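Chain by chain, the residues:
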Amino acid sequence: MNVTFLGTGAGIPAKARNVTSIALQLLEERNEIWLFDCGEATQHQILHTSIKPRKIEKIFITHLHGDHIYGLPGLLSSRSFQGGETPLTIYGPKGTEQFVRTALSVSHTYLTYSIEFVDVKEGIIFEDSSFQVKAKKIEHGIESYGYRVIEKDLPGTLLVEELKKIGIRPGPVYQKLKNAESVQLEDGSIIHGSDFIGPSIKGRIISILGDTRYTDKSVELAENADLLIHEATFSREDHYLAYDYYHSTTEDAANIAKASNVKKLVLTHISSRYQSPEQLDALVEEAKSVFPPTVIAADLMQIDIPKKRSNL
């Protein structure tokens, strides 16, 4: 599980920061990539990474401001040119489908794959045997959502040493036991896979919030997350601008992280008014004064979220 920041700026592109897009790479878990927002030139940013557009299977849009969606038509078209044939699902506020279909229709773009659109509402918007995604509406003047990605607990590992102790050597039987099946041995006795599987492994949680003022719903979305990605468009001293434009400050983001007991906070969606190293250092220090395990995102930065150990 890996997060790649394709764009970390707010509003308009800057020399050091493209507009918003975040890739959650789930190659080991699902052999696919999920994209959160798709600002202008997202596909250009992808060229600087190992990401393959055909691996993108889901796109989650937080809200319909241009700096979060203007890259969608180009990326969808390129995915088709680059061998993408598997279906793609786009989740977003009402109006997302209209925007995409209009852009593709007017430009006479033909796709080699189908798109399913899901109008996001609060609650569980996706779930299968391994993942669940929840959405909550946050505060940004227009409809804006935050997403909580939950990896379900994983089965524990097979207790190989315990099996060896009772004389069961490696072989096909191990796979059956790992699948929690019961196996009859040569002497007629039966052993149960569930007796030889260690404690389950706690799944990981990532919270990715759209543009928002400080709101308690953000705390709910981020509760006990391994990683919280939160906008920090403005500095602490520019809090009045943050409020007027329905955005957050560095301190707001840090207070959310602290209240929700997350393990790590990443600040993103940084205003272009803060460009010098000194200004950026000041932003991250403001957040660290409230919540020390904080970093500020840069374009093309990657963060790994390692698997946890078995629950004890």
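Reference entry: report on the structure contained in this document. Residue numbering note: each chain is counted from 1, following its sequence as written. Only residues with pLDDT of 70 or above have their local features reported here, since the model is predicted, and side-chain atom pairs are shown and tallied only from 80 upward, although totals for entire chains, interfaces and linings are computed over all residues. Hydrogens and water are ignored here; the side-chain numbers use all heavy atoms of the structure.

Looking now at the sheet that holds strand β13 (residues 227-231). In space, the 7 strands of this open sheet follow the order β7-β8-β9-β12-β13-β14-β15, with mixed pairing throughout. Looking along the sheet, the strands with just one partner apiece sit at the ends: β7 (123-127) and β15 (294-296). Averaged over all neighbouring strand pairs, the angle between strand axes comes to 20°, with direction disregarded. Two strands qualify as a pair provided that DSSP identifies no fewer than 2 bridges between them. Here a strand is any run of E in DSSP of at least two residues, a helix any run of H or I of at least four, and the numbering for each starts at the N terminus. Lines are fitted to the C-alpha atoms to define the axes, a helix being fitted only along its stretch in contact, and any angle between axes, read from their N-to-C directions, falls within 0 to 180 degrees.

This part takes up the pairing of strand β9 (residues 144-151). Among the 8 residues that make up β9, 8 are buried, leaving the element largely enclosed by the rest of the structure. To sort residues, take the accessible area from a 1.4 Å probe on protein chains only and compare it with the maximum for the residue type: under 20% means buried, over 50% means exposed, and anything in between is partly exposed. The two faces of β9 match: Ser 144, Gly 146, Arg 148 and Ile 150 on one face and Tyr 145, Tyr 147, Val 149 and Glu 151 on the other face are all buried. The pairing of strand β8 (residues 131-138) with β9 spans 8 bridges and is classified as antiparallel. Bridged to Lys 134 within β9 is Arg 148.

Before going further, it helps to spend a moment on the environment of Lys 202. Tracing the sequence through the fold places Lys 202 in the loop between β11 (190-192) and β12 (205-209). Here Lys 202 falls in the partly exposed class, since its relative accessible area comes to 40%. Between the C-alpha atoms of Lys 202 and Phe 131, which are 71 residues apart in sequence, the distance is 12 Å.

With that settled, consider the sheet that holds strand β5 (residues 88-92). Read from one edge of the open sheet, 7 strands run β6-β5-β4-β3-β2-β1-β16, paired in mixed fashion. The open sheet terminates on both sides in strands that have one partner only, identified here as β6 (115-119) and β16 (302-304). Going across the sheet, the axis of each strand differs from the next one's by a mean of 20°, ignoring polarity. Alignment of β5 against β6, held across 5 bridges, turns out to be parallel. Bridge pairing in β6 links Ile 90 to Phe 117. Each of β3 (32-36), β4 (56-60), β5 and β6 touches helix α4 (residues 72-81); the most contacted strand, β4, lies at about 170° to it. Contact criterion: two residues are considered in contact whenever any of their non-hydrogen atoms come within 4.5 Å of each other. The sheet strands contacting helix α5 (residues 96-106) are β5 and β6, and the helix crosses β6 at an angle near 150°.

Take the side chain of Ser 21 next. Along the chain, Ser 21 falls in strand β2 (residues 21-26). Those residues in contact with Ser 21 that lie beyond four places of it in its chain are Thr 4, Phe 5, Leu 6, Gly 7, Leu 35, Phe 36, Asp 37, Cys 38, Gly 39 and Thr 42.

From the geometry alone we can't say anything about function, so treat these as descriptive.
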